[in-house]
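# Examination of the molecular architecture
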Amino acid sequence: MKKLTLLFALLLGFMLVAAGCGTNESQPNNEQESNTEDNNAAEKASENDLLAKVKDEGELLIGTEGTYPPFTFHNDKGELTGFDVEIAKEVADRLGVEPVFMETQWDAMFAGLDAKRFDMIANQVGIRPDRQEKYDFSDPYITSAAVLIARTDNDNVNGFEDIKGLQSAQSLTSNYADLARSYEAEIVGVEGFNQAIELLNSKRVDVTINDKLSFLDFKKQKPDAPVEIVATHEDAAKSGLMFRKGSESLVEEVNNALQEMIEDGTYANISENWFGENVLE
């Protein structure tokens, strides 16, 4: 009987020790699961908060073409430069991070943003309702309007209504060609801005309707060219830095940086350097 009692006591003691060990082992497992959940939550928050990601990594990944002067292109030294490039660099500097430009063809630009290859696009992206449905935009950082360009010795053209029956050099499928047609001009087809100006300079056409920014860049390169803007259309296109939907925190900080640049004169300096005037509005 004593042997049975002793055996029972030993068995009970063993069971208590085993139970105690099991309890001690379960506590680290619970802590490990909790830590894993915390890490996953932090990673998810980082994905959702693009600003936090940019700050943590110390880099702002910027999609741009690098082949679109004067906005984003390579100079004679092979360096990436341009109006949009300078604006993006200044924004990154004010965010306290390094700008990292990732050159991409225009046709693949939006897909690259969707795939999170970069955090924002700086490439003269027009702010349009169809794009705003899918993407976030910064405040506009540049404005361009359609302008009527004529030779400086042509005193007969002072406004869009004066081009009826005149020859206007236009890319046939462009919005500018449609505008010229609406004023009943005779369209002379060209491949782009440079060819339009060439025909105008050589007096083979009377006028061209084209992009104001392109003209300002041309005049900066060739200030003595005998052509001038004689009228500006009321409709203007505004461009902004573009982001994936859900990038509100980063967009807010970028807007703050842009506003600071405008207020302290940095924006005006960059604009005048590239275009000879302030092109914000």
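Residues numbered from 1 in each chain as written. Predicted model: local features only at pLDDT ≥ 70, side-chain atom pairs only at ≥ 80, totals over all residues. Heavy atoms only, no water.

## Thoughts on the overall build of the protein
Let me state the cut-off plainly: Runs of E in the DSSP output that reach at least two residues are strands. Runs of H or I that reach at least four are helices, and both are numbered from the N terminus. With a 1.4 Å probe rolled over the protein chains alone, any residue whose accessible area is under 20% of its type maximum counts as buried; one over 50% counts as exposed, and the rest are partly exposed. Where accessible areas are quoted, they stem from the Shrake-Rupley method and a 1.4 Å probe; at the residue level, only the protein chains shown are allowed to cover.
Along the protein, the regular secondary structure elements total 10 helices and 11 strands. Looking at the protein as a whole, 41% of its 281 residues are labelled buried. Accessible area of the protein: about 15900 Å², with a carbon and sulfur share of 48%.

## Things to note about the packing of aromatic side chains
Definition in use: Pairing of aromatic rings covers Phe, Tyr and Trp, the last counted by its six-membered ring, and requires centre-to-centre distances within 6.5 Å; plane angles under 30 degrees mean stacked, over 60 mean edge-to-face, and any other angle means tilted.
Overall, the coordinates contain 11 aromatic pairs when judged by the stated rule. Arranged with centres 5.4 Å apart and planes meeting at 65°, the rings of tryptophan 106 and phenylalanine 110 form a pair that is edge-to-face. Of the two residues, tryptophan 106 and phenylalanine 110 are both situated in helix H4 (residues 106-114); the distance of four residues between them amounts to about one turn of the helix. Since its relative accessible area comes to 19%, phenylalanine 110 is described here as buried. Ring centres 6.5 Å apart and planes at 40° place the aromatic pair phenylalanine 215 and phenylalanine 218 in the tilted group. With a gap of three residues between them, phenylalanine 215 and phenylalanine 218 both fall in helix H8 (residues 212-221), about one helical turn apart. Neither residue differs from the other here; phenylalanine 215 and phenylalanine 218 are each classed as buried.

## With respect to the nonpolar core
The condition that has to hold: Among buried residues, the Ala, Val, Leu, Ile, Met, Phe, Trp, Tyr and Cys ones that are joined through side-chain atoms within 4.5 Å form a nonpolar core. The contact rule is simple, with two residues in contact once any of their heavy atoms fall within 4.5 Å.
Counting residues in hydrophobic clusters, the biggest one holds 34 residues, and the most contacted among them are Phe83, Ile87, Val91, Ile142, Leu241, Leu250 and Phe275. Listing elements by their share of this core, those giving two or more residues are helix H2 (50-57), strand S1 (59-64), helix H3 (83-95), strand S5 (120-126), H8, strand S11 (227-244), helix H9 (248-263) and helix H10 (266-275). Residues contacting valine 91, with those up to four places away along its chain left out, are Leu241, Val254, Ala257, Leu258 and Met261. Judged by nonpolar contacts, the second largest core, of 14 residues, contains Phe193, Ala196, Leu199 and Val227.

## Considering the packing of helix H7 (residues 193-201) against H8
Filter applied, for reference: Geometry is summarised by axes, namely lines fitted to C-alpha atoms with helices restricted to the contacting stretch, and by angles between N-to-C directions that run from 0 to 180 degrees. Handedness of a helix crossing follows the sense of rotation of the near helix relative to the far helix, less than a right angle counterclockwise being left-handed and clockwise being right-handed. Classes in brief: Ala, Val, Leu, Ile, Met, Phe, Trp, Tyr, Cys and Pro nonpolar; Asp, Glu, Lys and Arg charged; the others, Gly included, polar.
Where H7 meets H8, the axes come as close as 11 Å, and the angle between the chain directions of the two elements is 60°. Where H7 crosses over H8, the two elements pack in a sense that is right-handed. Note on element contacts: H8 touches H7 through Ser214, Phe215 and Phe218, opposite Phe193, Ile197 and Asn201. Classifying every residue of the contact of H7 with H8 by side-chain character gives four nonpolar, two polar and no charged.

## Regarding the pairing of S11
The criterion, for reference: Should DSSP find at least two bridges between two strands, the strands are regarded as paired.
Relative to S11, S5 is paired through three bridges, and the arrangement is antiparallel. Opposite glycine 126, over in S11, you have serine 239 as the bridge partner. Both strand S6 (residues 135-137) and S11 contribute to a ladder of three bridges, which runs antiparallel. Counted as the bridge partner of aspartate 136 is phenylalanine 243 from S11.

## Observations concerning the packing of H8 against H10
The criterion, for reference: Angles are sorted into four bins: roughly parallel if under 35 degrees, roughly antiparallel if over 145, roughly perpendicular if 65 to 115, and oblique for all others.
Put simply, H8 and H10 touch, their axes get as near as 8 Å, and they point 70° apart. One way to sum up the angle between H8 and H10 is to call them roughly perpendicular. Here H8 contributes Leu213, Leu216, Asp217 and Lys220 to the contact with H10, which in turn contributes Glu272, Asn273, Trp274 and Phe275. Looking at the contact of H8 with H10, its residues break down into four nonpolar, one polar and three charged.

## Focus on the confidence of the model for the protein
Reading fine detail from the predicted coordinates is not recommended where pLDDT is low. Operational definition: Confidence scores per residue from the predictor, reported as pLDDT, run from 0 to 100.
Put simply, the protein has an average pLDDT of 87, and 83% of its residues get 70 or more. Of the regions scoring below 50 in pLDDT, residues 1-28 engages in zero contacts with residues more than four places distant in sequence or in other chains.

## Observations concerning the pattern of salt bridges
Put simply, the rule is: Definition used for salt bridges: Asp or Glu carboxyl oxygen within 4 Å of a side-chain nitrogen of Lys or Arg.
Tallied over the entire structure, the rule returns 14 salt bridges. With a closest N to O distance of 3.5 Å, aspartate 153 and lysine 203 form a salt bridge. Of this pair, aspartate 153 sits in the loop between strand S7 (142-151) and strand S8 (167-170) while lysine 203 sits in the loop between H7 and strand S10 (207-211), and the two are 50 residues apart along the sequence. Residue classification places aspartate 153 among the partly exposed residues on the basis of a relative accessible area of 46%. Taking the relative accessible area as the measure of exposure, lysine 203 reaches 55% and is therefore exposed. A network of salt bridges, in which partner residues are shared, links Glu90, Arg94, Glu260 and Asp264.

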